[in-house]
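Examination of the molecular architecture
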Protein chains: 2
Amino acid sequence: MDSNGPEADVSGTGAGGRAKQGSLLSQYFPILEWGRTYNGTVLTNDLVAAVIVTIMLIPQSLAYALLAGLPPVVGLYASILPLVAYALFGTSRTLAVGPVAVVSLMTASAAGAVAAQDTALYLEAAITLAALSGIMLAVLGFLRMGFLANLLSHPVISGFITASGILIATSQLKHILGMTAGGDTWPEMLGGLASALGTVNPWTLAVGVPATLFLFWVRKGLKPSLIRLGLKPRAADIAAKVGPVVAVALTILMAIAFDLGDRGVNLVGAIPRGLPPFALPSTDLDLIGRLWVPALLISIIGFVESVSVAQTLAAKRRQRIAPNQELIGLGASNIASAFSGGYPVTGGFARSVVNFDAGAETPAAGAYTAVGIALASLFLTPLLFHLPVATLAATIIVAVLSLVDLDTPGQLWRYSKTDFAAHMVTIAVTLLAGVELGVISGVAVGLLLYLWRASRPHAAIVGRVPESEHFRNVDRHKVFTVPHVLSIRIDESLTYLNARWLEEYVLEEVADRSEVRHVILMCSAVNEIDASGLESLEAINHRLADAGIGLHLSEVKGPVMDRLNRTRFVEELNGKVFLSQNRAFRELAANGGPPEAPTADMARGMI
Amino acid sequence: MDSNGPEADVSGTGAGGRAKQGSLLSQYFPILEWGRTYNGTVLTNDLVAAVIVTIMLIPQSLAYALLAGLPPVVGLYASILPLVAYALFGTSRTLAVGPVAVVSLMTASAAGAVAAQDTALYLEAAITLAALSGIMLAVLGFLRMGFLANLLSHPVISGFITASGILIATSQLKHILGMTAGGDTWPEMLGGLASALGTVNPWTLAVGVPATLFLFWVRKGLKPSLIRLGLKPRAADIAAKVGPVVAVALTILMAIAFDLGDRGVNLVGAIPRGLPPFALPSTDLDLIGRLWVPALLISIIGFVESVSVAQTLAAKRRQRIAPNQELIGLGASNIASAFSGGYPVTGGFARSVVNFDAGAETPAAGAYTAVGIALASLFLTPLLFHLPVATLAATIIVAVLSLVDLDTPGQLWRYSKTDFAAHMVTIAVTLLAGVELGVISGVAVGLLLYLWRASRPHAAIVGRVPESEHFRNVDRHKVFTVPHVLSIRIDESLTYLNARWLEEYVLEEVADRSEVRHVILMCSAVNEIDASGLESLEAINHRLADAGIGLHLSEVKGPVMDRLNRTRFVEELNGKVFLSQNRAFRELAANGGPPEAPTADMARGMI
């Protein structure tokens, strides 16, 4: 079935009804929508996708738990119940939830700030982060506050992900080199690596370097080879994604054959067999007080990453996701993760694409994947005893280096200097001061630059295009004006962010022109006037009245005028409200000013 | 001289040149502008204004120092050098700087959080607040970040000032009643008053209540009486403002006559004679760490209050102020205050209006006022020994109750529910949790509501008005559309705050219409597309292309198109950029769709 056809959702699975069209119950439980049309074909497709994603997810879960500083089995736990929870509450048909690189790094940073690795408190902190993050996501979803994710602009997100990729890859180098080194920031990590160079373990190196090279080749070279061998591109793609499993198997065999454990190579060792335990997040208010900020950042970063993936995939099949319900879905996943001994999870890019390409049609595929991982943690973990940690580190390095995007800075520099600034600040602060400050400063810089621009909106002095009823910027067009009438076109809504600017702008332009007797504000582009904007208009009106100048409005939109009519502004206005700028100009230019004399006045009107 | 005439600045004092027109030096030292035309007439006017303001400022300075929890003399110190500094660096001709009610309250709250009143540390904290606030203001000014004051919307400021007025008036009741009671929040203050009711001092009451009533009458009833007696309105106004001096004189005489000091009435007592001492702010990093947030809030509140007053007065004479230079002027004032044993100051409303009405023409009037206050602190302080504190409390209560504005909530409720919400949250949090959290939560709520609105901008599906080239909203007008072409008019700039919305909106509208083959985005109101907006357009393009749908743009503004042309977006566009919406619609409607059949299609196009 070609799922890319434009009618796929309309005529195919057919359950893509907009949440708001269904009942309230099916809005909060999307499974009630897609579950109604579930049948044998869909089941088969979902099962096939689940098997492929399971195979891919096993080494990934172990590796990301390692990155988060947690025992490998925690990665498996985080890949079981959270998937079931998302299948119940999520709105994306193909999103695959579980541990992901960036969130694992943020977990390591937050848990590392309150406890040492390999302690019970560290694990408790990770579980508590998942719980806090789950609760926050769900609350934001119920309050319909998904818009808060907008605070992360694209340049900030891409800067953060690039820097995280560099941090993650650097943090894993020690496992490839077989040495012990720490550090939360990039300079610390590099310093740690440099000072521990004498302790490199050659046997670890002999596993880690080939594994890394093999995985790079799998990612870059295998797919073309497979296609040359006659495989279809999509199948080749999926085969390449399963490459890490081959690396895992080969290095386990190496470790057994050469007895690497006794030669100082760090192995995964005994992983407890069995289903996830029932766990409880901490209720220690002091710990919660120290973890809520990182938990909020993890929630927002995780949500943004997940929703971007979900939207990309949904659009390919003309399906929809409901962002606020996605918050609830991810919240449920993280709460499920917390109560089953896991750590924060979100929708991952690579695995979701594999899930999609493998033909998953409903969130049920995620639930089947959960069963697969559960079976693996019941029966497969003894096989992983001899898995070198270096192999996991290699899978992480190869995966995250694709996150590092070196083209964006140049593109941003050419397109927008302010966006470039936000991007570079995010990268620099993330590398030098860690992930949390990185996100916060990215948001802060983005918001500052936005507020700066919003406080200086577009406006223009306009004049009439000769022999027409159109009014254009006097700086760009040859237009007709008269000295005693000043027409100002405001190109933005009047809000509190630019209300002060409006006062300054109008009063400065008037102070510059001693002949002015009438000011016309042309409001054709004003979609809204908030209370601060109204107060500024009132202030302008009073100040102009004090100086003996009339204030007039023209082309006010209907809804805006309706609201103005509810205030005393219009009756106190020292002037009139005109339907059209042309009528306003004609009446006021004739009133008390010199007669129309285009040639002379045009020159005077050109500023 | 009638300074309200529209030509006042242009032909009169004539020194109102825009800062940017002068040299860099005169931008930072406005005195170089107005000083050039200083002459005898101006001197006389300034001196008269200075005498009147000095008389008004003496009791006010003592009273506000009391409100700030500081010795009365600190109020005098804060009214000398800060005025000289502002005269050098400020851009308003008539702003009168010094201690003001709201900033005094904030100082009491901040200093009270680190030390007990009447301790050396409390005074040091107040001085340090002035220094920190001065440095912050100056830095914001040099960085030209005055726009940050925009974060305080009018509803938030007026809510904060109303709540502060209530807090201040309540805090002074204990002085009128002659008892000891504390509390930082309103419930605490009321509780303190209630539990201390048994300790009311009848002699204090006998001074405080008549003083309060007298001052209320001076404020409300004296001016009309004086006008009936033949005084000019402006003179009557000034006379009424000097009323507190009369109350001070009368109650001093009462205190001496009835020996009130021995009857338990709290008197001001010995005020050290002499000029302000040289003081040093604290360099204790721990203290600075605890004071910088309140100092920042004091800076911003003080700046907003001061700039509003300065703008109102400047506009009356068609003069201008330069907000960023105002930051530097207020910064210099506060630094001067810190080094002369004062506390945070800003431009005050009442005294600036008196200064203006009394005829001040240049900032030199402020410097002369400083001389007046210096003389007072050299020679007048012994006279104030017997001044009852209750009199000062009465002047404060009468002054701040005019800050309480009970009309605004109703007006806001009718005009804008979101602004009403921001206003009420600010009032409630300020009363219940104190001034600092009040300001912070007001800013936060305002910003949240703004971001929420900014994330859901205006857009409309449009169709062609029959027999015209105009396109209008299909929901409001009878327009012509064809099922395979979807025209969307975007009514705002595309920024990171609404980029996600754009993706969702366009893809949802397309998902709703299975016949659509072409989407036209009509960009006539798009003034800017930031990097996030561009990335969303790229994402929409790719997703629509995946679904076999073309994406076209129309009526893109020149500067926006110039920037788009610097990217690969236009060449990757799965469609065309049209100069006009009409041309786009004509070409795409004809291409592959049914022929134009207005009647039938119009019905289908109406959604």
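Provided above is the structure to which this section pertains.
Residues numbered from 1 in each chain as written. Chains lettered and ligands numbered in written order. Predicted model: local features only at pLDDT ≥ 70, side-chain atom pairs only at ≥ 80, totals over all residues. Heavy atoms only, no water.

1. Details of the interface of chain B and chain A
To keep things clear, this is the line we draw: Whether two residues are in contact is decided by their heavy atoms: any pair within 4.5 Å suffices. Accessible area, probed at 1.4 Å, shrinks when two parts are joined; the buried area is that loss added up over both. Salt bridge, as used here: a side-chain nitrogen of Lys or Arg that lies within 4 Å of a carboxyl oxygen of Asp or Glu. Think of a polar contact as two N or O atoms within 3.5 Å of one another; within protein, one of them needs to be a possible hydrogen donor and the other a possible acceptor, and neighboring residues in sequence only count if both atoms come from side chains.
Tallying the contact residues gives 76 residues for chain B and 76 residues for chain A. Of the roughly 7100 Å² buried between chain B and chain A, counting both surfaces, carbon and sulfur atoms make up 50%. Scanning the region where chain B abuts chain A turns up two salt bridges. The residue B:E528 makes a salt bridge to A:R453 at a minimum N-O spacing of 3.5 Å. Scanning the region where chain B abuts chain A turns up 27 residue pairs in polar contact (both at pLDDT 80 or more).

2. Describing the sheet that holds strand β7 (residues 550-554) of chain A
Residues and elements named next belong to chain A. Let me state the cut-off plainly: Note on pairing: two strands pair once DSSP finds at least 2 bridges between them. In this text, helices come from DSSP runs of H or I with a minimum length of four residues, and strands from runs of E with a minimum of two, each type numbered from the N-terminal end.
The strand order β4-β3-β5-β6-β7-β8 describes an open sheet built from six strands, whose pairing is mixed. Edge strands, defined here as strands with exactly one partner in the open sheet, are β4 (471-473) and β8 (577-578). Note: strand β3 (residues 459-464) against strand β5 (residues 485-490), four bridges, orientation antiparallel. Within β5, the position partnered with A460 by the bridge is R489.

3. Let's talk about the nonpolar core
Our working definition: Among the buried residues, those of types Ala, Val, Leu, Ile, Met, Phe, Trp, Tyr and Cys that are joined through side-chain atoms within 4.5 Å form a nonpolar core. Between buried and exposed lies partly exposed: a residue is buried under 20% and exposed over 50% of the maximum accessible area for its type, with that area taken using a 1.4 Å probe on protein chains only.
Formed by 206 residues in total, the largest nonpolar core has its most connected members in A:M106 and B:M106. Membership of the second largest hydrophobic core comes to 37 residues, among which are A:I461, A:L494, A:L502 and A:L573.

4. Digging into unusual backbone geometry
Comment: phi is negative for the bulk of residues other than glycine, and the bulk of peptide bonds are trans. At A:E467, a position not held by glycine, the phi torsion is positive, near 55°. Its place among the elements puts A:E467 in the loop between β3 and β4. Exposure remark for A:E467: the relative accessible area of 85% places this residue in the exposed category. Positive phi values are uncommon outside glycine, yet B:E555 reaches one of about 55°. Turning to its location among the elements, B:E555 is positioned in the loop between β7 (550-554) and α24 (558-565).

5. What about the relation of the copies chain B and chain A?
How we decide: A least-squares superposition brings the copies together, and it is based on the C-alpha atoms of residues with pLDDT no lower than 70 in both.
Least-squares fitting of chain B to chain A yields an RMSD of 0.1 Å, with the transformation described by 0.0 Å of translation along the axis and a rotation of 180°. Both copies of the chain, as the preceding transformation shows, are related through a two-fold rotation axis. A shared interface surface links the copies, since 99% of the contact residues of chain B are contact residues in chain A too.

6. Quick word on the packing of helix α11 (residues 202-228) of chain A against helix α13 (residues 243-257) of chain A
Residues and elements named next belong to chain A. As a reminder, the rule being used: Here the axes come from fitting lines to C-alpha atoms, over the contacting stretch only for helices, and the angles between their N-to-C directions go from 0 to 180 degrees. When an angle is under 35 degrees it counts as roughly parallel; over 145 it counts as roughly antiparallel; between 65 and 115 it counts as roughly perpendicular; any other value is oblique. Left-handed describes a crossing whose near helix is turned anticlockwise from the far helix by less than a right angle; the clockwise case is right-handed.
Following both chains from N to C, one finds α11 and α13 inclined at 160°, their axes separated by 10 Å at the closest point. Accordingly, the angle class assigned to the pair α11 and α13 is roughly antiparallel. Where α11 crosses over α13, the handedness of that crossing is right-handed. Each of A206, V207, F214, L215 and V218 in α11 lies in contact with α13, whose residues at this interface are G243, P244, V246, A247, T251 and M254.

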